[in-house]
Amino acid sequence: MTEAVKKTLAASHRAAIDGIVMLENKNGALPLRNGESAAVFGRSQIDYNAGGTGSGGLVNTEYQTDILSSLEKSDVEVNRTLAAFYRDWVSKNPVSTDGGTCSSRPLSQKEPQIDEELMKKVSAESETAIVVIGRSAGEEHDSVNAPGGFLLTEDETELLKAARGHFKKLIVLLNVPSVIDMGFVGEIGPDAVLYIWQGGQEGGAAAAEALCRASPSGRLTDTIALSYADYPSSEGFDAKDRIYYNEDIFVGYRYFETFCPEKVLYPFGFGLSYTDFEISCRAAVFAEQNISLTVDVKNIGAAPGREIVQIYAEPPKSKMPRPKRSLVEFAKTKTLAPGETQTLRIKFPLSRLKYYDDKNSEQRIDGGEYKLIIGKNIRDKSCSVRMKLSKDIIKKRGRLAAPKEPFRRLIGFDGGPIYEDAPTAQGGKSGAAGGKTKRKAFSGIARPRKYKFEDVKSGGITLDEFVDAVSDKDLACLCRGEGMGSKLVRPGTGAAFGGVSKGLQKLGIPCAAATDGPSGLRFDNGDKAALAPIGTMLACTWDIELIEEIYSCIGGEMIENDIDMLLGPGLNIHRNPLCGRNFEYYSEDPYISGAAAAAALRGLESRGVCGTLKHIAANNREEGRKGLDTVLSERALREIYLRPLEYAMELSEPKAIMTAYNGLNGEMCGSNYELITEIIRGEFGFSGMVMTDWWAFLGPCSASSTKNSAAMLRAGGDIYMVTKNSEKNSGGDNTLKELKSGNLSSDELRRAAKNILKLIINIVIRD
Ligand code: BGC
């Protein structure tokens, strides 16, 4: 193991403790006492689920910690009879790796039957039962609202009931990628329940440590509802070719806290600790652009621990329906000893209060009175302050990427849900690729090659001058990434890009290497790297510095491995608990998603490499993802689904974006002009490289193809990922054909080339 890997694992270990969310801890059931005798049930105590499946979790590791052997090394007396039983059973019933296309595991694994005799024996030997429930999900593998997926299996429920009946103390550990149904808590009444998530290589050891002493300090980044049907996106989540986001901006707590708080089992931001804290606001200053708060946090319990101060804003009444409150900032304390106080100085910009009026195409912060609630979770009101804004702050925007046809969106509740038609694209046109840039006909004249790429870096010539001297054929090659496993770069990576043709190489353009992400480095040739906790768990730490540190360590591994770009972090919104890739993403809330993604980017950039924000936008279901047309209002797009990207741009300097596989209001994301050029580049000011997802379909959803690279280039996308051989155009893309026919301008091609080269100058020819 290299030093870089060790560093990532050391930081990951801390995150795998600090991201644990403890939801129940009756009568101080935890931490376990020294010498307490515990019987551990569930195969995941050995076959620990370290990460999600598919590209985001495919990291080859040197070792994997598990819960059972980690507990055996602790001061707890682990029941030997049961440990021997599980070890024997697991060795005879290996983990199934038959999870489908992209997935190395099914959603759940077969569990052994624990007969009454064994249950009696181990409960006579031990006072405490720990039951580990395991789940998996991932790319191209959504969970299901059925036993073994979102719901417990009958066997799991029976095991919990039997353990409840036989043991004095019952502790449930959820080794899962995303929230699951929590009905069992009311039904069975365990003493302690902890989401231990999927904590990467160090997850097993970290879980054991948290059970024994280290206080969990994670807080939920998703609301847990009473049942699946209570999530507003549950209706129609499995729709075939087109999915409607009828709940509009009311995703997660924005829905529950506004319309039906009674349907919440555990609110957003909730989590317990082995101690308790008192939060008080000492001072609040409202300046023109910023809000500053001084908050004291005191550990008033008997154990050391960390608390998270969460700040929610309640807006004044407005013309548009608004969520009751939304997260605007947060801060985490250091570990506070009993009796210790820490003063946190928290400052955030007024822009956190903005929302989008898609009827009048206005980005708005309404004048009026706002209430800022400072507490431990979205429901806790430790303290609050009021602030007045004297006038509306309005920015006019264009109507962009709006739905083509009206569809109903949620605006309120009055006995039942109230809907209205979402505003549609003006003139019925939306998200079409291009049509707005001036086309220059193809000249057909080969340009002289007199420059070297180094001259651009040294300032001898401009990037424009350099690109002008590159032939159209080479420019077309430049706009194709090669992969997977291209021989032009380090073996086993996701893509090579840059100097992918002989012509480009002659000009001195080096090749950059990109690989997955986000949870660690993926090498398909079997090389090893560190596997960090899943994105959701990282976000549940609410520890921005720790996330930054982990990615700075991953950056160190990238340098050791000649990798220039990580294909991550993922910042899609947790719209529905069944989405297979929720594990890669952070939260149902745009702010914590964007803040966590920005931290990851800053960490990588601190080492001179870069990350990729993916998947833009609204990639919220895996099933049928490549052809799926996502229909949502412009307001939901801007206020929820693109907001993490906007936050990431506010808090870091993203250099690359990966568009999503799905369509957005009729046009595939990778060729969506209004999305890429008008909103992301035009309004948000993104000036980096935009790549497609791997073998993405491009063009209108009704007639999309992997060959329509010209649609991507016209839309403002820069590079198509990936083809086997760029020089031979093995993917058969239409870049040169469309250039020749005048449907693609040479300006569009050169713009893309410049964006790619700008990135290469930054990350490959780094000082
Ligand atoms: C995923 C991307 C990933 C890429 C390369 C795609 O299937 O959607 O997130 O980066 O593959 O592995």
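For clarity, every value in this text was computed on a predicted model and none was experimentally measured.

A. Molecular detail of the overall build of the protein chain. Along the backbone of the protein chain there are 21 helices and 32 strands. Compactness check: the protein chain gives a C-alpha radius of gyration of 26 Å against a globular reference of 27 Å for 767 residues, within 12% of the reference. Along the first, second and third principal axes, the C-alpha atoms of the protein chain reach 85 × 60 × 45 Å. Relative to its 767 residues, the protein chain shows a buried fraction of 65%. For the protein chain, the exposed surface amounts to about 26400 Å²; the carbon and sulfur share of it is 49%. Of the side chains in the protein chain, 97 bear a positive and 101 a negative charge, and the two mean positions are spaced by 5 Å.

B. View of unusual backbone geometry. The omega torsion of the bond from Gly568 to Pro569 falls at 5°, within 30 degrees of zero and hence cis. For Pro569, the location among the structural elements is in the loop between β25 (565-567) and α15 (590-605). Look at the link from Ile616 to Ala617: it is a cis peptide, with omega at 0°. By secondary structure assignment, the location of Ala617 is in the loop between β26 (613-616) and β27 (629-631). The backbone of Asn665 sits at a positive phi, close to 50°, despite the residue not being glycine. As for its placement among the helices and strands, Asn665 is situated in the loop between β29 (663-664) and β30 (667-668).

C. Structural detail: the site of the ligand. In the neighbourhood of the ligand, 14 residues make up the surrounding shell, with Glu139, Asp516, Arg581, His615 and Asp693 lying closest. Within the side chain of Arg522, one N or O atom sits 3.2 Å away from an oxygen atom of the ligand. A distance of 3.0 Å separates an oxygen atom of the ligand from a polar side-chain atom of Tyr661. For the ligand, whose free accessible area comes to 310 Å², the fraction covered by protein is 96%. Partitioned by chemical class, the residues of the shell around the ligand number five nonpolar, two polar and seven charged.

D. Quick look at the nonpolar core. Counting residues in hydrophobic clusters, the biggest one holds 199 residues, and the most contacted among them are Phe41, Met182, Tyr195, Phe466, Phe497 and Met565. For this core, the element with the most residues is helix α21 (residues 746-763), which contributes nine residues. Residue-level mapping places this core at the junction of two domains, with at least three residues from each of domain 1 (20-216) and domain 2 (277-403). Setting aside chain neighbours within four positions, we find Met182 in contact with Leu23, Leu174, Val193, Tyr195, Ile224, Leu265 and Tyr266.

E. Representation of a positive patch on the surface within the structure. On the surface, a cluster of positive charge is made up of Lys473, Lys502, Lys506 and Lys728. Residue placement: Lys473 occurs in helix α11 (residues 472-478). Among the residues examined, Lys473 registers a relative accessible area of 47% and is labelled partly exposed.

F. Region of the structure containing the confidence of the model for the protein chain. Mean pLDDT over the protein chain works out to 95, with 96% of the residues at or above the 70 mark. Taken as a whole, residues 428-432 scores under 50 in pLDDT and shows 18 contacts with residues more than four places along the chain or in a different chain.

G. Highlighting the sheet that holds strand β15 (residues 355-357). What the three strands build is an open sheet, ordered β15-β16-β19; its pairing is antiparallel. Looking along the sheet, the strands with just one partner apiece sit at the ends: β15 and β19 (393-396). Pairs of neighbouring strands in the sheet enclose a mean axial angle of 30°, with direction left out of account. Pairing between strand β16 (residues 362-365) and β19: four bridges, direction antiparallel. Bridge assignment links Arg364 to a residue of β19, and that residue is Ile394.

H. Structural detail: the sheet that holds strand β4 (residues 128-134). With mixed pairing, six strands are arranged side by side in an open sheet as β1-β6-β5-β4-β2-β3. Taken across any chain shown, the strands that pair with only one partner, and hence form the sheet edges, are β1 (21-25) and β3 (77-78). Bridge count between β1 and strand β6 (residues 192-195): four bridges; the pairing is antiparallel. Each bridged residue has a counterpart across the sheet, and for Val21 the counterpart in β6 is Tyr195.

I. Layout of the pattern of salt bridges. Under the criterion given, the structure shown has 61 salt bridges. A salt bridge links Arg386 to Glu369; the nearest nitrogen and oxygen atoms lie 3.0 Å apart. Pair noted here: Arg386 is in strand β18 (residues 383-389) and Glu369 is in strand β17 (residues 368-375), with a separation of 17 residues, a long-range link. Residue Glu369 is classed as partly exposed on the basis of its relative accessible area, which comes to 35%. Notably, a salt bridge pairs Arg522 with Asp516, separated by 3.0 Å at the nearest N-O pair. Like Arg522, the residue Asp516 is buried in the burial classification.

J. Focus on the packing of helix α4 (residues 116-125) against helix α5 (residues 154-166). Contact pair α4 / α5: the axes reach a minimum separation of 10 Å and the direction vectors enclose 40°. Relative to α5, the element α4 is oriented oblique. Where α4 crosses over α5, the handedness of that crossing is right-handed. Here Glu116, Met119, Lys120 and Ser123 of α4 come into contact with α5, specifically with Leu159, Ala162, Ala163 and His166.

K. Structural detail: the packing of aromatic side chains. Inspection of the entire model under this criterion finds 22 aromatic pairs. Ring plane angle 65° and centroid distance 5.6 Å describe the contact between Phe150 and Tyr228, whose orientation is recorded as edge-to-face. With Phe150 in the loop between β4 and α5 and Tyr228 in the loop between β7 (224-225) and β8 (242-244), the pair connects residues that are 78 residues apart, well separated along the chain. With respect to class, Phe150 is no different from Tyr228; both count as buried. A cation sits over an aromatic face here: Arg643 above Tyr647, 4.1 Å from the ring centre.

L. Summary view of the environment of Asn734. Structurally, the position occupied by Asn734 is in the loop between β32 (720-723) and α20 (735-740). The exposure class assigned to Asn734 is buried, which follows from its relative accessible area of 13%. When the C-alpha positions of Asn734 and Ala711 are compared, they lie 9.0 Å apart, and in sequence the two are 23 residues distant. When near neighbours in sequence (up to four residues on either side) are disregarded, Asn734 contacts Lys707, Asn708, Ser709 and Ala710.

M. The arrangement of the pairing of strand β10 (residues 277-286) in detail. Direction of pairing for β10 relative to strand β11 (residues 290-299): antiparallel, over a ladder of nine bridges. Note on β11: the bridge partner recorded for Ile279 is Val297. In this antiparallel pair of consecutive strands, β10 and β11, the connection spans three residues.

N. Region of the structure containing α15. The terminal C-alpha atoms of α15 lie 22 Å apart, and with 16 residues this matches the ideal 22 Å at 1.5 Å per residue to within 8%. With a side-chain oxygen positioned 2.9 Å from the backbone nitrogen of Tyr591, the residue opening α15 is Asp589.

O. Fine view of the environment of Lys92. As for its placement among the helices and strands, Lys92 is situated in helix α3 (residues 80-92). In this structure, the C-alpha to C-alpha distance between Lys92 and His13, residues 79 residues apart in sequence, is 30 Å.

Reading the values: rules and limits
- Residues numbered from 1 in each chain as written.
- Predicted model: local features only at pLDDT ≥ 70, side-chain atom pairs only at ≥ 80, totals over all residues.
- Heavy atoms only, no water.
- Helix = DSSP H or I, 4+ residues; strand = E, 2+ residues; numbered from the N terminus.
- Rg over C-alpha atoms; globule rule 2.2 N^0.38 Å.
- Buried < 20%, exposed > 50% of the residue type's maximum accessible area, 1.4 Å probe, protein only.
- Areas by Shrake-Rupley, 256 points an atom, 1.4 Å probe, with all protein chains shown as cover.
- Lys, Arg positive; Asp, Glu negative; His and termini not counted.
- Charge placed at Lys NZ, Arg CZ, Asp CG, Glu CD.
- Near = heavy atom within 4 Å.
- Polar contact = N/O pair within 3.5 Å; in protein donor to acceptor, adjacent residues only side chain to side chain.
- Nonpolar A, V, L, I, M, F, W, Y, C, P; charged D, E, K, R; others polar.
- Core = buried A, V, L, I, M, F, W, Y, C linked by side-chain atoms within 4.5 Å.
- Domains from an automatic or database assignment.
- Contact = heavy atoms within 4.5 Å.
- Patch = residues over 30% accessible without salt bridge, like charges linked within 9 Å, V, L, I, M, F, W, Y side chains within 5 Å.
- Salt bridge = Lys/Arg side-chain N within 4 Å of Asp/Glu carboxyl O.
- pLDDT = per-residue confidence, 0-100.
- Pairing = 2+ DSSP bridges.
- Axes fitted to C-alpha atoms, helices over the stretch in contact; angles between N-to-C directions.
- Parallel < 35°, antiparallel > 145°, perpendicular 65-115°, else oblique.
- Left-handed = near helix turned anticlockwise from the far one by under 90°.
- Phe/Tyr/Trp six-rings, centres within 6.5 Å; stacked < 30°, edge-to-face > 60°.
- Lys NZ or Arg CZ within 6 Å of the ring centre and 35° of its normal.
- Expected span 1.5 Å × (residues − 1).

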